Amino acid sequence: MGRLFQGAVVVDPMTGQSRVLDLLVEGQMIAQIGVDLETSSHEVIDLRGLHVLPGLIDPHVHLREPGQTHKETIETGTMAAAAGGFTQICCMPNTSPIVDSSEWVTFIRTTADRFGYATVHPIAAITKGSKGEELTDFDALKKAGAVGFSDDGRGVQSARVMRDALMAAKLLDLPIIVHAEDETLSGAGCMNAGDVAQQLQVPGILSSAETVMIARDVILAQETGAHVHMCHVSPEAAVSVIRYAKQQHVHVTAEVTPHHLLLTDELVLTLGAQAKVNPPLRSEADRAACVRGLLDGTLDMVATDHAPHTEEEKARGLVSGPFGFVGLEVSFPLLYTAFVKSGILSLEKLAYMMSTAPAKHFHLPGGRIEVGGLADFVAVDIAHERRVDVARFRSKGRNTPFVNRMLYGFPVMTIHRGQTVFLDAQ
Ligand SMILES: NC(=O)N[C@@H](CC(=O)O)C(=O)O
Ligand SMILES: [Zn+2]
Ligand SMILES: [Zn+2]
């Protein structure tokens, strides 16, 4: 007996076509796709009125375990992923301790598998302790399951260390994942350097702090032939540098977050620390450039940069509170409402950038719905509007600037490897 998911509009990001189809799931796999499949002897799940997308894939999540379980755990983070329609996530190594040894890579994968809400692909540190000095053992980390290397949370300050990392990663065919921040330029800033920071009389973070490191690293990627992936791109000039590098056939990919696509530093005036994130929310020109970059393929994929912090930590205020927003449970509805419902982007293209593209560039399974493929998919409701209610988050984090927004496209049911891992009770 299989599970027959009936009557949803199945979105195909590869062909750009969507139609009403039934999906038959047997075990962890999709066994059959077709119109009016035979129902007898199967459990039937009625999905009429919903849209089914390949399970979303987030290339940039902070799960906070080991060591910061007051902010999030592998259990709560993957529950949040499931509630947001994500069936696979990559997690960053800036935990405590830093994920710089194969033991922690194995711990994260096996812990996530034990809960089963989503598949977790660890990203291991580039340097020991993410101190920016000595490379980790890339070979051992890859064997344990790391899908790339990053010192996210900090930029690798030394060009020499970055070049050595790119050479080592190239031999293993894995990406170096760049948090671009030159600390001599970002300094002690707490928000974007600009009129709003001046008005509030707080230290700013220059756009150049990000752009110079992106420029440095595409040059190093060109010279070494390695794959470099740029995290959470935010300034207009950085989008231009990446666009140029792609024209020069540098192996560079890039992600953009929903908050950099939708918000600007003006929001700091009203939300204070609740609008504090790194890289910071930038100007309207920067935001618009990120949207253009996503539309023309300069920015390849969406990442949430889900970065949970406690209310007490955020309450320390704009200058001393931590950087970061949770994102897993709101990202799809945010982008659906802002870009698909308004006609700027097709639903197929959004599914491509939130599933197919990360699968392709990080060499992960999934990213499409096909016979013989993993039964990883999400059913979303684009017909009903709902409020972002942080009290209902599975994540321990409540730190989002999108609180109380009215959005369309919330997930209703998430299937991970054939199992129902999220079902909206409402
Ligand atoms: N994005 C953030 O504002 N914070 C991230 C670190 C990071 O992604 O650089 C965190 O770990 O809290
Ligand atoms: Zn970062
Ligand atoms: Zn991050």
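I will try to describe carefully the structure that is included in this document. On a predicted model such as this, the values are computed, not experimentally measured, just so you know.

A closer look at the sheet that holds strand 14 (residues 301-302)
Spatially, the 4 strands line up as an open sheet ordered 9-12-13-14, and their pairing is parallel. Either end of the sheet is taken by a strand with one partner, and the two such strands are strand 9 (176-178) and strand 14. The pairing of strand 13 (residues 252-256) with strand 14 spans 2 bridges and is parallel. Counted as the bridge partner of Glu255 is Met301 from strand 14.

Notes on the site of ligand 1
In the neighbourhood of ligand 1, 15 residues make up the surrounding shell, with Arg64, Asn94, His179, Asn278 and Asp305 lying closest. In the environment of ligand 1, an oxygen atom lies 3.4 Å from a nitrogen or oxygen atom belonging to the backbone of Gly153. At a separation of 2.7 Å, a nitrogen atom of ligand 1 approaches a polar side-chain atom of Asp305. When ligand 1 is considered free in solution it has 320 Å² of accessible area, and contact with the protein chains removes 94% of it. Taken together, the residues of the shell around ligand 1 break down into 3 nonpolar, 9 polar and 3 charged.

Notes on the packing of aromatic side chains
Tallied over the full model, the rule gives 4 aromatic pairs. Here the aromatic rings of Phe138 and Phe149 are separated by 3.8 Å at their centres, their planes lie at 10°, and the arrangement is stacked. A residue pair is termed long-range when its members are at least 10 positions apart, and Phe138 in helix 3 (residues 138-144) and Phe149 in the loop between helix 3 and helix 4 (159-172) qualify at 11 residues. Each of the two residues, Phe138 as well as Phe149, counts as buried. A cation sits over an aromatic face here: Arg114 above Phe115, 5.1 Å from the ring centre. The ring centre of Tyr408 lies 4.2 Å from the NZ or CZ of Lys341, which sits over that ring.

Observations concerning the environment of Gly189
Within the element layout of this structure, Gly189 appears in the loop between helix 5 (183-186) and strand 10 (191-192). Once the C-alpha coordinates of Gly189 and Val319 are considered, the two residues, 130 residues apart in sequence, prove to be 7.9 Å apart. Contacts of Gly189, omitting those with residues within four sequence positions, involve Pro203, Gly204, Ile205 and Phe323.

Focus: the coordination of the zinc ion (ligand 2)
Within the first shell, the zinc ion (ligand 2) binds the protein through Asp152 (OD), His179 (ND1) and His232 (NE2), at distances of 1.9 to 2.1 Å. In the primary sequence, the donor residues of the zinc ion (ligand 2) line up as D-x26-H-x52-H. The metal-metal distance between the zinc ion (ligand 2) and the zinc ion (ligand 3) is 3.7 Å, with Asp152 serving as a donor to both. With Asp152 in the loop between helix 3 and helix 4 and His179 in the loop between strand 9 and helix 5, the pair connects residues that are 27 residues apart, well separated along the chain. Both residues of the pair, Asp152 and His179, count as buried.

Here's the deal with the packing of helix 14 (residues 331-340) against helix 15 (residues 347-361)
In the contact formed by helix 14 and helix 15, the axes pass within 11 Å of each other and the chain directions differ by 145°. The interaxial crossing formed by helix 14 with helix 15 has right-handed handedness. On helix 15, the residues touching Ser331, Phe332, Leu335, Tyr336 and Val340 of helix 14 are Leu347, Leu350 and Met354. Tallied by class, residues from the contact of helix 14 with helix 15 come to 7 nonpolar, 1 polar and no charged.

Here we look at helix 7 (residues 207-224)
With 18 residues, helix 7 should reach 26 Å at 1.5 Å per residue; the first-to-last C-alpha distance of 26 Å fits that figure. Taken residue by residue, helix 7 has Ala209, Glu210, Thr211, Met213, Ile214, Arg216, Asp217, Val218, Leu220, Ala221 and Thr224 as its buried positions. Backbone geometry just downstream of helix 7 places Gly225 in the positive-phi region, at approximately 75°.

Focus: the coordination of the zinc ion (ligand 3)
The zinc ion (ligand 3) binds to the protein through His60 (NE2), His62 (NE2), Asp152 (OD) and Asp305 (OD); the donor distances cover 2.0 to 2.3 Å. Judged by its relative accessible area of 6%, Asp305 is buried.

Overview of the sheet that holds strand 7 (residues 86-91)
By way of backbone hydrogen bonds, the strands of a sheet pair with one another, either parallel or antiparallel. Pairing is parallel in the open sheet, where 3 strands are placed in the order 6-7-8. The open sheet has two edge strands with one neighbour each: strand 6 (56-61) and strand 8 (119-122). Across this sheet, the average inter-strand angle for adjacent strands is 20°, counted without regard to direction. Relative to strand 8, strand 7 is paired through 4 bridges, and the arrangement is parallel. Along strand 8, the bridge assignment pairs Cys91 with Pro122. Across the face of the sheet, helix 15 comes into contact with strand 6 and strand 7 while running at roughly 65° to strand 6.

Cut-offs and rules
- Residues numbered from 1 in each chain as written.
- Chains lettered and ligands numbered in written order.
- Predicted model: local features only at pLDDT ≥ 70, side-chain atom pairs only at ≥ 80, totals over all residues.
- Heavy atoms only, no water.
- Pairing = 2+ DSSP bridges.
- Helix = DSSP H or I, 4+ residues; strand = E, 2+ residues; numbered from the N terminus.
- Near = heavy atom within 4 Å.
- Polar contact = N/O pair within 3.5 Å; in protein donor to acceptor, adjacent residues only side chain to side chain.
- Areas by Shrake-Rupley, 256 points an atom, 1.4 Å probe, with all protein chains shown as cover.
- Nonpolar A, V, L, I, M, F, W, Y, C, P; charged D, E, K, R; others polar.
- Phe/Tyr/Trp six-rings, centres within 6.5 Å; stacked < 30°, edge-to-face > 60°.
- Buried < 20%, exposed > 50% of the residue type's maximum accessible area, 1.4 Å probe, protein only.
- Lys NZ or Arg CZ within 6 Å of the ring centre and 35° of its normal.
- Contact = heavy atoms within 4.5 Å.
- Donors = N, O, S within 2.8 Å, 3.2 Å for Na, K, Ca; no water.
- Axes fitted to C-alpha atoms, helices over the stretch in contact; angles between N-to-C directions.
- Left-handed = near helix turned anticlockwise from the far one by under 90°.
- Expected span 1.5 Å × (residues − 1).

Limitation: the analysis is restricted to geometry and does not speak to function.
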